[in-house]
Amino acid sequence: MKLVVGLAGASGSIYAARFLRALYEVEGETYLTASPAALRIFSEEYEVSVKTAEDILEFVKKKWNPSAKHKFHIRNFFDIGSDIASGSNPWDAMVVIPCSMKTVASMSMGLTENLIERAADVSLKERRRLIIVPRETPYNRMHLKNMLALDEAGAILLPASPGFYQMPKTLDDLGDFLAGRIFSLLGKPHSLFPKWEG
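Conventions and cut-offs
- Residues numbered from 1 in each chain as written.
- Predicted model: local features only at pLDDT ≥ 70, side-chain atom pairs only at ≥ 80, totals over all residues.
- Heavy atoms only, no water.
- Helix = DSSP H or I, 4+ residues; strand = E, 2+ residues; numbered from the N terminus.
- Buried < 20%, exposed > 50% of the residue type's maximum accessible area, 1.4 Å probe, protein only.
- Contact = heavy atoms within 4.5 Å.
- Areas by Shrake-Rupley, 256 points an atom, 1.4 Å probe, with all protein chains shown as cover.
- Lys, Arg positive; Asp, Glu negative; His and termini not counted.
- Charge placed at Lys NZ, Arg CZ, Asp CG, Glu CD.

Brief notes about the overall build of the chain
Per the secondary structure count, the chain includes 7 helices and 6 strands. Traced from its N-terminal end to its C-terminal end, the chain shows the element sequence β-α-β-α-α-β-β-α-α-β-α-β-α. Along the three orthogonal principal directions, the C-alpha set of the chain runs to about 40 × 35 × 30 Å. In the chain, which comprises 198 residues, the share counted as buried stands at 52%. The long-range share in the chain, meaning contacts at least 24 apart out of those at least 6 apart in sequence, stands at 74%. Here the chain has roughly 9,600 Å² of accessible surface; of this, 51% comes from carbon and sulfur atoms. Across the chain, the mean location of the 24 positive side-chain charges is 2 Å away from that of the 23 negative side-chain charges.

Okay, structure coming up:
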């Protein structure tokens, strides 16, 4: 599994952190980039100081001690000339988690002012799976129109709306639910939460 993962500036750092923790446990590689707003929000929500995407990975490793089966490659958020800014560099899917409404709007209009937006544009034009985890509430009409445009372009919108049938006991359980839903969309088996048995 070869992924691109972008952390955009929305509340919901727990979703990104638990998804990255789960990725550590599977074989594959990920190109990771994070916006300045994502770094600031992660720092505030986890009450730590992270200045780079690599700092986030270090935080995840120290907090949960996952196995190190997965390989991460850090890419600069401002480098729109990066390898993942081109369709000639293949990957299986891209995940934007959490995704701000600003990033949703930019992606829906094909704007490519940073690496998350550019890699998302590449994903859509190359017909690769693009999973977007928007984190906002409530949605206004423009949010909905932008998300509909992304859906029509081929993206998958997976709102940060965890279920409760798995009887979560901690906030981490809610993050794992979203991570598990992403894994399912990627076609990867997981045990991040119990399946609904009916």
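Having put the structure on the table, let's press on.
So, unusual backbone geometry
Pro98 follows Ile97 through a cis peptide bond whose omega is -15°. Among the structural elements, Pro98 can be located in strand β4 (residues 93-99). Here Thr137 and Pro138 are connected by a cis peptide whose omega angle stands at -10°. Turning to its location among the elements, Pro138 is positioned in the loop between β5 (129-134) and α6 (141-153). The backbone of Asn65 sits at a positive phi, close to 50°, despite the residue not being glycine. Assignment of secondary structure puts Asn65 in the loop between α3 (53-64) and β3 (70-74). For Asn65, a relative accessible area of 63% translates into the label exposed.

Some details on the environment of Leu130
Positionally, Leu130 belongs in strand β5. A relative accessible area of 0% means that Leu130 is categorised as buried. Considering only alpha carbons, one finds Leu130 and Val96, 34 residues apart in sequence, at a separation of 8.0 Å. When near neighbours in sequence (up to four residues on either side) are disregarded, Leu130 contacts Met94, Val96, Ala120, Ser123, Leu124, Ala155 and Ile156.

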